[in-house]
Amino acid sequence: AFLFLLPRLQFLYFIAIHKYGFMNNRSKSSNMYFLAYLLIFLHLVAHASAQCEVFETRRADILRLQQLDHQQGTPFTPTSTNGKHTPVITLTGTEAKVTVGTGTISGDAALIHPTDRTTPHFISTIYATNQNDVIIAMTMLSGTTDQPSLTFEVPLGTTSIQAFSFCNTHGLFGSDVMQVTSTGSSTASCSITPCFEDTVGIENGVCAQFAVMEADALRRQLSEHLRDTPFTPDDTNTKHTPFITISGTSAKVTVGLGTVSGNTADPIHPTVSSEDPLVIHYIEMIFVKDQTGKIIAASYLTATSSPPSLEFTIPSGTTSLRAFSMCNTHGLFQSSDVAVSSSNQGSGDFVCGVSECGGVKAGQSKCELFETRRADILRLQQLDHQQGTPFTPTSTNGKHTPVITLTGTEA
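Here the residue numbering is sequential within each chain, running from 1 through the sequence in written order. For this predicted model, a pLDDT threshold of at least 70 governs which residues receive local features, and a threshold of 80 or more governs which side-chain atom pairs are given and counted, while totals over whole chains, interfaces and linings are taken from all residues. Just so you know, side-chain values use all the structure's heavy atoms and leave hydrogens and water out.

J.: Which parts of the structure should I look at to understand the overall build of the protein chain?
T.: Scanning the protein chain from terminus to terminus reveals seven helices and 22 strands. Classification of residues uses two cut-offs on accessible area relative to the type maximum, computed with a 1.4 Å probe and protein chains only: under 20% is buried, over 50% is exposed, and between them is partly exposed. The burial tally for the protein chain puts 40% of its 411 residues in the buried class. Intrachain contacts of the protein chain at a sequence separation of at least 6 include 64% that bridge at least 24 residues. We get accessible surface area from the Shrake-Rupley algorithm with a probe of 1.4 Å; when it comes to residues, only the shown protein chains can shield them. Of the roughly 21,600 Å² of accessible surface on the protein chain, 55% is carried by carbon and sulfur atoms. Counting from the N terminus, the helices are the DSSP runs of H or I reaching at least four residues and the strands are the DSSP runs of E reaching at least two. Between two residues, a contact is recorded if the distance between any of their heavy atoms is within 4.5 Å.

Laid out in structure tokens, this is it:
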């Protein structure tokens, strides 16, 4: 365990030099080096419980791309020559808002980051960290949002905030650190909000959000794998190949031959959730085209989505399906075409909107992070109080009763 942790502690130590300003004298004794390792390890343990897995794994993948595409494993710092990409924080009471481009404050349109759905060129992720480098808020964007931003209540205990914006083309940029004097009364929420919100809808029969998804996947395919088309099905890489199964008017896409063959020896694509950019490995998107080449269903996934899949109702008039899956590390893969009979066609058109986003499935309104927490609370309710349901409001226990107040659309 020590041999495994040592290089990671060394990495944390060098972060500590930059962040905390100690141990700058290289002639310090080995005992002082050990103390530095110990302090950072304790710092890591102290804040591990405060970290949100879906946030941290997304950051790890962004840093992987930053190194791969820009040969730099850290965010770009604010400069006077690249104000268009610099995230800016504004505070109003206990509310923080992050916008991208110094022009969002100065009014200079040339210094506001654009959203170009054709290229495509857009801000895909915005997040904010606190004084402990723990992510306290995050949003993921679909490439149809003209004014990308992130608004959140400053969590209890926050003393400073730094914002980061990830441009799909030009990389990760950080803001200056802003000190905080007022906070809300709650801790940070571990959910991506909003998640790939669409502001355009359907244009000329095509879902704009889906079109940007495919365009960016192909841009990365060319940049990272030197080809402008998906990898086609073959017998040597069935772990990454998407497979389609049809039941009634429903279709389901899974990734890896083992998901459909029933043979335990056949591969299934793994989901490796990690904060290490060199380790994280997952399917980040799945989409499906019909016989005309139009995308009719899509899902954005995270490293907490396991197993990766996409389920949807087959639109009326569909005669064949082809699935695509994007591995964060190995690229874009496509399935063979699957014929659709008239009896398997649904009665409606396709839905222009992602079917899943970071654990939330459309039509279910259930977040995996939330539901697993509720399940554990009900387990404790049964274990400690011999009741598997919540206590109901009574006049004798008002101290524990939660109360809802509504102000407009705010609860």
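J.: I would appreciate a short explanation of the sheet that holds strand S2 (residues 95–100) in the present structure.
T.: What links the strands of a sheet is backbone hydrogen bonding, and the strands pair in either a parallel or an antiparallel sense. Across the sheet, which stays open at both edges, the three strands sit in the order S1-S2-S5 with antiparallel pairing between neighbours. At either margin of the open sheet sits one strand with a lone partner, and together these are strand S1 (87–92) and strand S5 (149–153). Sheet twist, expressed as the mean angle between neighbouring strand axes with direction ignored, is 15°. In short, DSSP must find at least two bridges between two strands for them to pair. As defined by bridge partners, S1 adjoins S2 across six bridges and the pair is classed as antiparallel. Each residue of the ladder has a partner; that of Ile89, found in S2, is Val98. Interaxial angle, 0 to 180 degrees, is taken between N-to-C directions of lines fitted to C-alpha atoms, where a helix line uses only the stretch in contact.

J.: Mind showing me how you'd approach the packing of aromatic side chains here?
T.: The pairing test for Phe, Tyr and Trp rings, Trp by its six-membered ring, is centres within 6.5 Å, and the orientation test on the planes gives stacked under 30 degrees, edge-to-face over 60, and tilted for anything in between. Within this structure, the stated rule accounts for four aromatic pairs. Both rings, one in Phe231 and one in Phe333, keep their centres 4.8 Å apart while their planes meet at 40°; by these two values the pair is tilted. Of this pair, Phe231 sits in the loop between helix H5 (208–225) and strand S12 (242–247) while Phe333 sits in strand S18 (residues 331–334); the two residues are 102 residues apart in sequence, bridging distant segments of the chain. Seen from their ring centres, Phe287 and Phe324 are 4.9 Å apart, and the 10° between their planes marks the pair as stacked. Of the two residues, Phe287 sits in strand S14 (residues 283–289) while Phe324 sits in strand S17 (residues 320–327), which places them 37 residues apart along the sequence.

J.: Hey, could you run me through the pairing of S12 in this one?
T.: Every regular strand shows the same layout, with side chains that alternate between the two sheet faces. Bridge count for S12 against strand S13 (residues 250–255) is six bridges, and the pairing is antiparallel. Across the sheet, residue Pro242 finds its bridge partner in S13, namely Val255. What sits between the antiparallel neighbours S12 and S13 is a turn of two residues, in which Gly248 has the positive phi angle 65°.

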